[in-house]
Structures are given as structure tokens and as C-alpha cells.
Amino acid sequence: SAVISQKPSRDICQRGTSLTIQCQVDSQVTMMFWYRQQPGQSLTLIATANQGSEATYESGFVIDKFPISRPNLTFSTLTVSNMSPEDSSIYLCSVEETPEGQGTDTQYFGPGTRLTVL
Amino acid sequence: GQNIDQPTEMTATEGAIVQINCTYQTSGFNGLFWYQQHAGEAPTFLSYNVLDGLEEKGRFSSFLSRSKGYSYLLLKELQMKDSASYLCAVSNRDDKIIFGKGTRLHILP
């Protein structure tokens, strides 16, 4: 499967500031996804990052709060803007691949970025 | 609405067998996934079921009953390294993957 890296791995930020998280994949992929995993909660899809077009946001997430860039087929960024303590979470990027012998796409995840907002 | 239910926590003994259940209600069904997530790490893919029945992969097996909206993950010959959260996830008719909250599995020596 694709090798996915994220930077930073963790950060502690002040309320009202913004943080940009980078996601790098070692192969070209059509779609990249950004998830949030709050403590004790399930993974929640924030948006799908499409190369060459605007990201597609899920209900409850907006571009002003979580702007996304996808400049090429191997890279994406997610910015968490005007942060509040409620944004403290793990943010994960993922890509879809179809494992050999399996007829459907499967999500593979990066290592995540652990964000704490004070 | 869309809902995936699995137990919050389970405890089992090293060398034993444990079954983690998952029930789901989603808008359409395009397959069910199980992921393993160690504390502080990203989820890693374990298994995929789209047809009814049992899929075996080494010490791990996953079962699906679409008519019952039910799946389980069976872990045999438990090892200490199996202590992790196990996430059940369903791909719905829009190919969106909905995740459950995960089951934290504690393995006792």
C-alpha cells in the first residue's frame, strides 16, 4: 500500500491561531481524504481533497474553517483556522487503494497529527 | 440516520479467543471494514467483507450478515500486541465510509 507521511506529528497551539498540516504520499493518488478523530470518538470525514478542483466538505465542516489545498497528486494540506480548544483532535489524511484480490477501494491512513489547542 | 454500534471495551486473556461484534444501519451497503488502531497510531486495515460469510486471514477472521446488519471480528490465539482499538466501518451507497467508535481490547497475561 501507499506510504503516507504527515507533518507535524503533533503540535500545541494557542487559541485563535491557525495550523497547516501537510500530507505526502509516495505515489500518485486521485483522491485524498482528511479525517478528524476526537478523544473517544470515531473517525469523522472532514473533506475529500480532489486534485485540480475544490475540496468537497462533509456536513458540519466548512472551507473557511478547514481550507484544503491539493496542488498535485501526491500532496495535500489541511489548515485548521482560528483554533479553539474544541479543535483539539487527531487529524488524519488517507488515500484509497484497491488491494490485490479485493474488488473495492480501501482507505489507508497516515500517522496522524495530534493537535492540542490551549 | 447512519449508525454503527460496537462495544466500548472488552478484556480477554493471552492465548484465548475474542469476538468483537458490530451492528450497523446505513444508507445502502457497499462493504464492511475492520481496522486496528494502536494507541497514538493511525488505523491499519485488517479485513473487508461484502458478501455474507466468514473471511479468514491468519489469526483474524471477519464475519458478515447483511440481512442482519451484523459483523464480527474474531481474534484467535491472542497476543499482548493485539491490545488495541478495533474499528468497524461501513461503506454506504455513496461510497462514504462511516466509522464506529471502536472497541478497546485489553489483553491480560
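Residues numbered from 1 in each chain as written. Chains lettered and ligands numbered in written order. Predicted model: local features only at pLDDT ≥ 70, side-chain atom pairs only at ≥ 80, totals over all residues. Heavy atoms only, no water.

J.: Can you lay out the overall build of chain B for me, pointing to particular residues and giving the numbers?
T.: For chain B, the helix and strand inventory stands at zero helices and eleven strands. In sequence order, the secondary structure elements of chain B are arranged as β-β-β-β-β-β-β-β-β-β-β. Over its C-alpha atoms chain B spans a radius of gyration of 13 Å, differing by no more than 12% from the 13 Å that the globule rule assigns to 109 residues. Overall, the C-alpha framework of chain B stretches about 40 × 30 × 20 Å when taken along its three principal axes. Out of the 109 residues belonging to chain B, those deemed buried represent 49%. (Helix = DSSP H or I, 4+ residues; strand = E, 2+ residues; numbered from the N terminus. Rg over C-alpha atoms; globule rule 2.2 N^0.38 Å. Buried < 20%, exposed > 50% of the residue type's maximum accessible area, 1.4 Å probe, protein only.)

J.: Break down the nonpolar core for me, citing the residues and quoting the values.
T.: Counting residues in each nonpolar core, the largest one holds 43 residues, and the members touching the most others are A:Trp34, A:Tyr35 and B:Phe99. Setting aside chain neighbours within four positions, we find A:Tyr35 in contact with A:Leu43, A:Thr44, A:Leu45, A:Ile46, A:Ile90, A:Tyr91, A:Leu92, A:Ser94, A:Gln107, A:Phe109, B:Ile97 and B:Phe99. Counting 21 residues, the second largest nonpolar core, distinct from the first, contains B:Ile4, B:Val18, B:Ile20 and B:Ile107. (Core = buried A, V, L, I, M, F, W, Y, C linked by side-chain atoms within 4.5 Å. Contact = heavy atoms within 4.5 Å.)

J.: So, the state of the cysteines: which residues are in play, and what are the values?
T.: One pass over the full model with this rule turns up two disulfides over all chains. Two residues, B:Cys22 and B:Cys88, share a disulfide whose sulfurs are 2.0 Å apart. Handedness here is read from the sign of the S-S torsion; for B:Cys22 and B:Cys88, about -70°, the answer is left-handed. Linking B:Cys22 in strand β3 (residues 18-25) with B:Cys88 in strand β9 (residues 84-91), this pair joins segments that are 66 residues apart in sequence. A:Cys13 carries a free sulfur, and the closest cysteine sulfur to it, the one in A:Cys93, is 17 Å from it. (Disulfide = S-S within 2.5 Å.)

J.: Requested: an account of the environment of B:Trp34, with residues and values cited.
T.: Assignment of secondary structure puts B:Trp34 in strand β4 (residues 32-37). Taking C-alpha positions, B:Trp34 is 6.3 Å from B:Ala89, a pair spaced 55 residues apart along the chain.

J.: I'd like to hear about the interface of chain B and chain A, residue by residue, with values.
T.: Residue-level contacts link 15 residues of chain B with 19 residues of chain A. Between chain B and chain A, roughly 1,400 Å² of surface is buried when both sides are summed, and carbon and sulfur atoms account for 59% of that area. Summed over the three residues of chain B that lose the most area to chain A, namely B:Phe45, B:Phe99 and B:Lys101, the buried surface amounts to 32% of that side. One can count one salt bridge joining chain B with chain A. Here B:Lys96 makes a salt bridge to A:Glu58, at a shortest N to O gap of 3.3 Å. Elements that contribute at least two residues to the side of chain B that touches chain A include exactly β4, β5 (44-49) and β10 (97-99) of chain B. Ranked by residue count, the leading element in the side of chain B that touches chain A is β4(B), at three residues. (Buried area = accessible area lost by both parts, 1.4 Å probe. Salt bridge = Lys/Arg side-chain N within 4 Å of Asp/Glu carboxyl O.)

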